[in-house]
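# Observations on chain architecture
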Amino acid sequence: MGADYQAEQANPEGERIPRHVAIIMDGNGRWAQARGQARHQGHRAGLDAVKAVVEQCGRRGVGALTLFAFSSENWQRPRAEVRMLMELFMRTLDTEAHRLSENNVRLRVIGDRAQFSDRLQERLAEAERLTADKDGLHLTIAASYGGRWDILQAARRAAEEAMAGRLDPASLTESDLAGYLSLAELPEPDLFIRTGGEKRISNFLLWQLAYTELYFTETLWPDFRAGELDRALADFARRQRRFGLTDQQLRQRDRA
Ligand code: IPE
Ligand code: IPE
Ligand code: MG
């Protein structure tokens, strides 16, 4: 089995910290509705949670953070909500890109960008350019993203390589195919968090979550703050990741 399920590192206090955390930020609409507000106000409130979590990941030594902001399926929401989300996305890029850069955060966006307006595509590219040389937190926003879309685009690119004679399909390995996926340069997520109470993946990272530890909380995304992230990190630190091996094998390996 070729996959490289390398263990995460412990921080100086000896606590195991995930190298990569992936979050489904869910519950914005319910948060707003519970306050008698429009759904888009929940999306706006969710931005404060994004800022808090980005900062806390930096403080806690998490190397990479991937946030699911808009799924392939979310395009089917009412047009007014989609429009509001796109505007919010655009405005946030304008106001936050410099701040990310100052905080040494590298921003990347993954997903089917062709679906976005030209203006938004330009803003995304600009924000990525601005932070491209930063080597602090690797922040990835998944927007117009679906796990199936990701695997499909990887398969398509591999097929193109094969057609061009640069790749032998018979010798294609898992790690070769993973190299065509959106997060190829990052370690696979160690910890997945979903807020908002639903216990499903909703077409987020499918391939990359194969051995990720899953954490679900009822907290709605706009209420998710540093303390909530710390709770998830503490829960993660207590888990034993076996990657298909037995407990005894793992103890032997740790002694070696
Ligand atoms: C998540 O919150 C944000 C997006 C999907 C864009 P929701 O908008 O799904 O909020 P709920 O789940 O309806 O409360
Ligand atoms: C998942 O939330 C997508 C994002 C948070 C961006 P949804 O609210 O779209 O998921 P479902 O519809 O409840 O599965
Ligand atoms: Mg939802």
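Everything below is about the structure printed above this text.
Here's what I pulled together on the structure shown here. All values derive from a computational prediction rather than experimental measurement. (Residues numbered from 1 in each chain as written. Chains lettered and ligands numbered in written order. Predicted model: local features only at pLDDT ≥ 70, side-chain atom pairs only at ≥ 80, totals over all residues. Heavy atoms only, no water.)

## A word on the site of ligand 1
The environment of ligand 1 is formed by Met-25, Asp-26, Gly-27, Asn-28, Gly-29, Arg-30, Arg-39, His-43, Ala-69, Asn-74, Arg-77 and Leu-85. Between Asp-26 and ligand 1, the recorded distance is 2.8 Å, taken from a side-chain N or O atom to an oxygen atom. A distance of 2.8 Å separates an oxygen atom of ligand 1 from a polar side-chain atom of Arg-77. If you list the elements that add at least two residues to the shell around ligand 1, you get α1 (28-33) and α2 (39-60). Among the elements that line the shell around ligand 1, the one with the most residues is α1, at three residues. In terms of residue class, the shell around ligand 1 is made up of three nonpolar, five polar and four charged. (Near = heavy atom within 4 Å. Polar contact = N/O pair within 3.5 Å; in protein donor to acceptor, adjacent residues only side chain to side chain. Helix = DSSP H or I, 4+ residues; strand = E, 2+ residues; numbered from the N terminus. Nonpolar A, V, L, I, M, F, W, Y, C, P; charged D, E, K, R; others polar.)

## Some details on the sheet that holds strand β1 (residues 20-24)
In space, the six strands of this open sheet follow the order β3-β4-β2-β1-β5-β6, with parallel pairing throughout. At either margin of the open sheet sits one strand with a lone partner, and together these are β3 (106-110) and β6 (213-216). This sheet shows a mean twist of 20° between the axes of neighbouring strands, independent of strand direction. Against the sheet, helix α7 (residues 226-237) engages β1, β5 (191-194) and β6, with an angle of about 140° to β5. (Pairing = 2+ DSSP bridges. Axes fitted to C-alpha atoms, helices over the stretch in contact; angles between N-to-C directions. Contact = heavy atoms within 4.5 Å.)

## Quick look at the packing of helix α3 (residues 79-102) against helix α4 (residues 118-131)
At a minimum axis distance of 10 Å, the contact between α3 and α4 shows a crossing angle of 15°. It follows from the interaxial angle that α3 and α4 lie roughly parallel. Between α3 and α4 the crossing geometry is left-handed. On α4, the residues that touch Met-86, Phe-89, Met-90, Leu-93, Asp-94, Ala-97, His-98, Leu-100 and Ser-101 of α3 are Arg-119, Leu-120, Arg-123, Leu-124, Ala-127, Leu-130 and Thr-131. Along the lines of polarity and charge, the residues of the contact of α3 with α4 split into 10 nonpolar, three polar and three charged. (Parallel < 35°, antiparallel > 145°, perpendicular 65-115°, else oblique. Left-handed = near helix turned anticlockwise from the far one by under 90°.)

## A look at the packing of aromatic side chains
With the rule as written, the count across this model stands at 10 aromatic pairs. Taking 4.4 Å as the distance between ring centres and 10° as the angle between the ring planes, the aromatic pair formed by Phe-68 and Phe-204 counts as stacked. One end of the pair, Phe-68, is in strand β2 (residues 64-71); the other, Phe-204, is in the loop between β5 and β6, and 136 residues separate them in sequence. Residues Phe-68 and Phe-204 agree in their burial class; the two are buried. In this structure an aromatic cluster arises from ring pairing among Phe-68, Tyr-145, Trp-149 and Phe-204. Just above the ring of Phe-236 sits the side chain of Arg-16; from NZ or CZ to the centre is 5.3 Å. (Phe/Tyr/Trp six-rings, centres within 6.5 Å; stacked < 30°, edge-to-face > 60°. Buried < 20%, exposed > 50% of the residue type's maximum accessible area, 1.4 Å probe, protein only. Lys NZ or Arg CZ within 6 Å of the ring centre and 35° of its normal.)

## Focus on the pairing of β6
Side chains Glu-213 and Tyr-215 of β6 all project onto a buried face; the interleaved residues Leu-214 and Phe-216 project onto a face where none is buried. Sheet topology places β5 next to β6; four bridges connect them, and they run parallel. Within the sheet, the bridge partner assigned to Phe-192 lies in β6 and is Leu-214.

## Let's talk about the environment of Gly-147
Mapped onto the secondary structure, Gly-147 falls in helix α5 (residues 147-163). Given the relative accessible area of 2%, Gly-147 is considered buried. Between the C-alpha atoms of Gly-147 and Val-82, which are 65 residues apart in sequence, the distance is 20 Å.

## As for α2
A rise of 1.5 Å per residue sets the reference length of α2, with its 22 residues, at 32 Å; its end C-alpha atoms lie 31 Å apart and thus fit the reference within 8%. Structurally, α2 contributes buried residues whose contacts are with β1, α1, β2, α3, β4 (138-145) and α7. Two residues or fewer after α2 comes Gly-61, characterised by a positive phi angle close to 85°. (Expected span 1.5 Å × (residues − 1).)

## A short note on the nonpolar core
Within soluble globular proteins, side chains that are nonpolar tend to cluster in buried spots. The biggest cluster of nonpolar side chains holds 41 residues, and the ones touching the most others in it are Ile-23, Leu-65, Leu-139 and Ile-193. The element best represented in this core is α3, accounting for eight residues. Not counting the four nearest positions on each side in its chain, Leu-139 is found in contact with Val-54, Leu-65, Leu-67, Leu-100, Val-105, Arg-106, Leu-107 and Arg-108. One finds Ala-22, Leu-183, Phe-192 and Phe-204 within the second-largest nonpolar core, a separate group that totals 13 residues. (Core = buried A, V, L, I, M, F, W, Y, C linked by side-chain atoms within 4.5 Å.)

## Some details on the side chain of Gln-153
Tracing the sequence through the fold places Gln-153 in helix α5. Since its relative accessible area comes to 12%, Gln-153 is described here as buried. In this view, Gln-153 contacts Tyr-180, Leu-181 and Ser-182; residues no more than four positions away in its chain are not counted.

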